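# Residue-level structural notes
These are the residues of each chain, in order.
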Amino acid sequence: MKFATYRLPDGTVRHGEVVDGGRVTDLGPGDLSPVVAALAGGGPGSVPSGEPARALDEVTLLAPLLRPGKVLAVAANYQEHVTETGGEPIDKARISPRLFIKPATSVSGPGEEIALPSVSPSVDWEAELVAVIGSGGRDIPVEDALAHVAGYTVGNDVSARRMDYGHERDTADPAVAFFDWLNGKWLDGFAALGPYLVTADEVPDPQKLEVTLEVNGRVRQHGDTGQMIFSVAELVAFASRLMTLEPGDVLYTGTPSGVGLASGEFLSAGDEMTVRVSGLGSLVNRVR
């Protein structure tokens with residue numbers, strides 16, 4: 001099944017199931033949280049509300065989950081991406097996943113404009129597969145981890161690569177460099193998400209998906225999830241050792257090579273980013 005959160009012309013936010021013919025069957029008000037909760041309990045999701053089905057071009061698609069409880073992301077999870085940005089080859093046996101959290105205010109949806117921030121002149125793109133937690137828990141074994149995923153969607157972990165706060169700082173300090181990197185992940189709109197939540201039964205192997213990103217029609221990233229250093233299952237299991245995972249939490253799983261940082265080319269106002277993950281749809285956002 002494929003679900004969406006959308007806004008009607010009168011401003012009402014609803015969630016529904018996307019069906020054949022480019023239509024959405026109304027399941028109720030709000031985002032997809034009720035659907036995720038139902039899937040976590042083994043149910044099929046919400047039941048039709050009795051409202052008429054609508055064509056997708058009659059509604060405005062939003063992020064499937066508007067304010068997730070946790071927006072988790074992992075850095076440096078594709079070796080070629082690590083190498084292109086100057087990192088050393090990663091020995092998986094000697095490190096753990098590099099997990100961080102983005103605020104809920106960073107979430108943006110399909111078609112939403114992403115504003116260039118005043119604190120950075122160097123804003124970059126990162127195409128990613130995103131897993132949505134269905135059944136939560138702590139200390140989840142790797143072999144059970146995918147059973148805790150309700151579904152998947154497309155993500156763009158937009159990132160500010162250089163921060164300028166308007167005063168001189170000791171940028172040679174490793175702590176400054178680290179926090180600049182982290183702060184660059186937190187800005188409003190920098191966790192683009194959508195267009196749909198595709199249930200896990202439609203994705204038999206999350207390590208066999210193609211990931212691409214175009215900027216103004218030019219392919220900048222092209223990889224597949226089989227190139228991940230840590231698999232989706234390993235990431236879910238690791239995250240659950242650090243915190244209780246809850247239904248509706250989202251997990252960005254890392255980006256393949258081709259980011260702007262590697263070439264020194266960054267986003268400008270008017271640019272259009274399109275992220276595609278096979279079987280999950282296209283996520284389009286413009287920059288302003």
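Conventions used here
Residues numbered from 1 in each chain as written. Predicted model: local features only at pLDDT ≥ 70, side-chain atom pairs only at ≥ 80, totals over all residues. Heavy atoms only, no water. Helix = DSSP H or I, 4+ residues; strand = E, 2+ residues; numbered from the N terminus. Buried < 20%, exposed > 50% of the residue type's maximum accessible area, 1.4 Å probe, protein only. Contact = heavy atoms within 4.5 Å. Core = buried A, V, L, I, M, F, W, Y, C linked by side-chain atoms within 4.5 Å. Phe/Tyr/Trp six-rings, centres within 6.5 Å; stacked < 30°, edge-to-face > 60°. Pairing = 2+ DSSP bridges. Axes fitted to C-alpha atoms, helices over the stretch in contact; angles between N-to-C directions. Arc of directions from axis to C-beta. Polar contact = N/O pair within 3.5 Å; in protein donor to acceptor, adjacent residues only side chain to side chain. Salt bridge = Lys/Arg side-chain N within 4 Å of Asp/Glu carboxyl O.

### Notes on the overall build of the protein chain
Each helix and strand counted, the protein chain has five helices and 18 strands in total. Dimensions of the protein chain, computed from C-alpha atoms along their principal axes, come out at roughly 60 × 45 × 30 Å. Looking at the protein chain as a whole, 52% of its 288 residues are labelled buried. Pairs at least 24 residues apart make up 76% of the contacts formed inside the protein chain by residues separated by at least 6 positions.

### Examining the nonpolar core
General note: in soluble globular proteins, nonpolar side chains tend to be found buried as a group. The biggest cluster of nonpolar side chains holds 58 residues, and the ones touching the most others in it are Leu129, Tyr152, Val236, Leu245, Met273 and Leu280. Those elements that place two or more of their residues in this core are strand 1 (2-7), strand 6 (71-75), strand 10 (127-133), strand 11 (149-157), strand 13 (191-199), strand 14 (210-215), helix 4 (232-242) and strand 17 (272-277). Of the residues forming this core, the biggest block, six residues, is contributed by helix 4. Contact partners of Leu129, with chain neighbours within four places excluded, come to Tyr152, Thr153, Pro206, Leu209, Thr225, Met228, Val232, Leu251, Tyr252, Thr253, Val277 and Leu280. Within the second largest apolar cluster, 22 residues are counted, among which are Leu65, Val130, Leu182 and Ala191.

### So, the environment of Phe179
In this fold, Phe179 is placed in helix 3 (residues 174-183). Overall, Phe179 belongs to the partly exposed group, its relative accessible area being 44%. Considering only alpha carbons, one finds Phe179 and Met163, 16 residues apart in sequence, at a separation of 9.7 Å.

### So, the packing of aromatic side chains
Within this structure, the stated rule accounts for three aromatic pairs. Look at Phe178 and Phe179: their rings are 5.2 Å apart centre to centre, the planes differ by 80 degrees, and that puts the pair in the edge-to-face class. Ring geometry for Phe178 and Trp181: centres 5.9 Å apart, planes at 35 degrees, overall tilted. On the criterion of helical spacing, the pair formed by Phe178 and Trp181 is a turn pair, its members being three residues apart in helix 3. Look at Phe178 and you get partly exposed, because its relative accessible area is 41%.

### So, the sheet that holds strand 14
Spatial ordering of the open sheet is given by 15-14-17-18, a layout of four strands whose pairing is antiparallel. Of all the strands in the sheet, just strand 15 (218-224) and strand 18 (281-286) have a single pairing partner and so form its edges. Strand-to-strand twist of the sheet, defined as the mean angle between neighbouring strand axes without regard to direction, takes the value 15 degrees. Two elements, strand 17 and strand 18, share six bridges in a ladder whose sense is antiparallel. Bridge pairing links Val275 to Leu283 in strand 18.

### Overview of helix 3
Think of an α-helix as 3.6 residues a turn; residues three or four steps apart then line up on the same face. Taken as a whole, helix 3 has its buried residues at Val176, Asp180 and Leu182. Here the buried residues of helix 3 occupy an arc of 165 degrees about the axis, which is enough to place them on one side. Near the N-terminus of helix 3, the side chain that reaches the backbone nitrogen of Ala175, with its oxygen 2.9 Å away, is that of Asp173.

### Re the pattern of salt bridges
Inspection of every chain in the model, using the stated rule, returns 15 salt bridges. Here Arg276 and Glu214 are joined by a salt bridge, their closest N and O atoms 3.2 Å apart. With Arg276 in strand 17 and Glu214 in strand 14, this residue pair connects regions lying 62 residues apart in the sequence. With a relative accessible area of 34%, Arg276 lands in the partly exposed category. A single network of salt bridges, built from pairs that share partners, joins Lys102, Asp124, Glu126, Asp157, Arg161 and Lys185.

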